[in-house]
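Architecture at a glance
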Amino acid sequence: MALMAAGTRPQRARGRGHLAAKSLGGRTRLAELFQEGAAKIRLPETFDHSMEAVIINTAGGLTGGDRMDWSFVAAPGTRIDVTTQACEKIYKASVGTAEVETSIKVGSGARVDWLPQETILFDRASLSRALNVELEDTAEFLSVEAILLGRKAMGEAMERGLFRDRWRIRRGGRLVHVEDLRFDGDVAALTAKMAVLDGQVAFATVLYVGPLAETYLGRVRPLLESHMGGASHWGGKLVVRLAAADGFALRKILIPIISALRNGAPVPKVWNL
């Protein structure tokens, strides 16, 4: 028994999912689909030219040592909306760091909306995440990443831990946007600072890259009045930063902004289930 216990290692979740779309008859159709381990991709029926992909982590959350890899390819003229079945929960890590890497390629005249639901970081969680996007010159890309530092309604908070988020967005082979966020150690003390989150525990970054960035700015700014956040436009992109007291307050402002950046289209239905 002692030998068995000494040789036992914690089970770790692994997953890899890949989706590629093609244009056929004026509609976005499936070209490639691969899923392995805890990574699953489901394609609900749509009633327009677009495709909706719902990604699922069947492990039910992530902890230290887990790894998920996602990749999406939108061929010229296609449109893919990618979302998650539910919020991704990052639990306390006894050892190691959970890793999530997402790669997205968007062809000429195509659009990808990356719309995962919130990531919830529990106390002593450890997560390192990367988003790599390659856009053709006439492609459009919308990305939303929302983070909750615990669940306030449940009396939970992320006091300590690690969260790293790295974005690299390229257009026509040229780097157009970089994000590098890192909370490490005493997260509660860091996020309490006025220059960071001023004590707010829910925050989001919204990025749009495409020809309508300046137009969208005029739609988004009125939605930010009386809220903690701001929007900026430069270099063919629009960036929105938001912070709120809890996840409910964040959604109240985030959903109208997403809809404005989708020309009035609502968020995916799974957001409301």
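Here is a short report on the structure shown in this document.

Calculation rules
Residues numbered from 1 in each chain as written. Predicted model: local features only at pLDDT ≥ 70, side-chain atom pairs only at ≥ 80, totals over all residues. Heavy atoms only, no water. Buried < 20%, exposed > 50% of the residue type's maximum accessible area, 1.4 Å probe, protein only. Helix = DSSP H or I, 4+ residues; strand = E, 2+ residues; numbered from the N terminus. Arc of directions from axis to C-beta. Contact = heavy atoms within 4.5 Å. Polar contact = N/O pair within 3.5 Å; in protein donor to acceptor, adjacent residues only side chain to side chain. Pairing = 2+ DSSP bridges. Axes fitted to C-alpha atoms, helices over the stretch in contact; angles between N-to-C directions. Left-handed = near helix turned anticlockwise from the far one by under 90°. Nonpolar A, V, L, I, M, F, W, Y, C, P; charged D, E, K, R; others polar. Expected span 1.5 Å × (residues − 1).

**Quick notes on helix α3 (residues 213-220)**
By the burial criterion, the buried members of α3 are A213, Y216, L217 and V220. Down the axis of α3, the buried set is contained in an arc of 115 degrees. They therefore lie on one face. When the buried face of α3 is taken as reference, the exposed residues oriented beyond 90 degrees from it are E214 and G218. Along its buried surface, α3 packs onto β9 (111-115), β15 (202-209), β16 (228-234), β17 (237-244) and α4 (247-261).

**Comments concerning the side chain of T205**
Tracing the chain through its elements places T205 in strand β15. We classify T205 as buried; its relative accessible area is 12%. Among the polar contacts listed, one links the side chain of T205 to the side chain of R241, at a separation of 3.0 Å. With near-sequence residues (within four places) excluded, T205 lies in contact with S143, V144, E145, W167, E179, V240 and R241.

**A short note on the sheet that holds strand β5 (residues 67-74)**
Spatially, the seven strands line up as an open sheet ordered β2-β1-β5-β8-β11-β13-β14, and their pairing is mixed. Because the sheet does not close on itself, it has two edges, and the strands there are β2 (27-37) and β14 (174-186). Along the sheet, successive strands turn relative to each other by an average axial angle of 5 degrees, direction set aside. Sheet topology places strand β8 (residues 98-106) next to strand β11 (residues 126-135); nine bridges connect them, and they run parallel. Considered in β11, the bridge of T102 is made with L131.

**A short note on the pairing of strand β13 (residues 160-171)**
Here β11 runs beside β13; their pairing, made up of 10 bridges, is parallel. Pairing of N132 across the sheet is with R168, part of β13. Where β13 hands over to β14, the hairpin turn is made up of two residues, of which G172 adopts a positive phi near 60 degrees.

**Section: the packing of α3 against α4**
One can describe the packing of α3 onto α4 by two numbers: an axis separation of 9 Å at closest approach and a directional angle of 145 degrees. Crossing geometry of α3 relative to α4 is assigned as right-handed. Judged by residue contacts, Y216, R219 and V220 of α3 engage I257, A260 and L261 from α4. Looking at the contact of α3 with α4, its residues break down into five nonpolar, no polar and one charged.

**Remarks on α4**
Helix length check: α4, at 15 residues, gives a terminal C-alpha distance of 20 Å against a target of 21 Å (1.5 Å per residue), a fit within 8%. Next to the buried residues of α4 lie β9, β12 (140-148), β15, α3 and β17. The opening residue of α4, the one whose side-chain oxygen lies 3.2 Å from the backbone nitrogen of F248, is D246.

Everything listed here is a matter of coordinates, which is why it stays silent on function.
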